Amino acid sequence: MIENLLGLKKMLKRNNFIIKYEEEFDLKILDNVYKKVKEFFNVKSDFLIRIIICSTKEDFIFYTGIDDPQEWMIGRAIISSNTLVVYSPTAIEKYTKKTRDDFEGLLAHELSH
């Protein structure tokens with residue numbers, strides 16, 4: 001079980017992001033969403049943001065600390081550490097009522113925190 005909880009194998013630093021993930025995703029989505037959120041809130045400076053993209057419900061529980069995430073819950077912002085925890089596009093469809101098409105909106109929502 002511990003191997004699965006800590007199973008996010010890939011990590012990269014990109015611009016002001018540190019991203020931990022297992023499932024590949026289009027980094028251009030993150031860049032575009034971040035740009036739109038910055039423009040909307042008129043943010044001029046960049047700061048470090050950690051993003052954990054979970055492929056399993058167990059990883060989501062581990063990183064968010066939520067024991068039993070509801071089917072509508074697809075992400076969480078942990079403001080104190082500038083960390084976003086979100087389901088991967090595939091996991092969104094597997095563990096929630098949402099679809100993979102909601103991934104971009106999910107990132108925008110969580111970045112807005």
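Here the structure is shown first, and the text comes after it.
Residues numbered from 1 in each chain as written. Predicted model: local features only at pLDDT ≥ 70, side-chain atom pairs only at ≥ 80, totals over all residues. Heavy atoms only, no water.

Residues Gly75 and Ala77 point to one face of strand E4 (residues 75-78) and are all buried, whereas Arg76 and Ile78, pointing to the other face, are not buried. Note: E4 against strand E5 (residues 83-87), four bridges, orientation antiparallel. The residue bridging Arg76 from the neighbouring strand is Val85, located in E5. Taking the residues between adjacent antiparallel strands as the criterion, E4 and E5 are bridged by four residues, where Asn82 takes a positive phi near 50°. (Buried < 20%, exposed > 50% of the residue type's maximum accessible area, 1.4 Å probe, protein only. Helix = DSSP H or I, 4+ residues; strand = E, 2+ residues; numbered from the N terminus. Pairing = 2+ DSSP bridges.)

Our next topic: the pattern of salt bridges. Under the counting rule described, the total for this entry stands at six salt bridges. Residue Lys38 is joined to Asp46 by a salt bridge in which the shortest nitrogen-to-oxygen separation is 2.7 Å. A relative accessible area of 18% places Lys38 in the buried class. Ionic pairing is found between Glu71 and Lys97, a salt bridge with its closest N-O pair at 3.9 Å. One end of the pair, Glu71, is in the loop between helix H3 (57-64) and E4; the other, Lys97, is in the loop between helix H4 (89-95) and helix H5 (103-112), and 26 residues separate them in sequence. Judged by relative accessible area, Lys97 falls into the exposed class, the value being 65%. (Salt bridge = Lys/Arg side-chain N within 4 Å of Asp/Glu carboxyl O.)

Turning our eyes to something else, we now look at the packing of aromatic side chains. A complete count under the given rule lists seven aromatic pairs for this structure. For the pair Phe40 and Phe41, a centre-to-centre distance of 4.9 Å together with 85° between the ring planes defines the contact as edge-to-face. A residue is classified by how much of its surface remains accessible, and Phe41, at 43% relative accessible area, is partly exposed. Here the aromatic rings of Phe60 and Tyr87 are separated by 4.3 Å at their centres, their planes lie at 15°, and the arrangement is stacked. Note that Phe60 is positioned in helix H3 and Tyr87 in strand E5, a separation of 27 residues in sequence. The pair Phe60 / Tyr87 is uniform in exposure class, with both members buried. Taken together, the ring pairs in this structure connect Tyr21, Phe25 and Phe103 into an aromatic cluster. (Phe/Tyr/Trp six-rings, centres within 6.5 Å; stacked < 30°, edge-to-face > 60°.)

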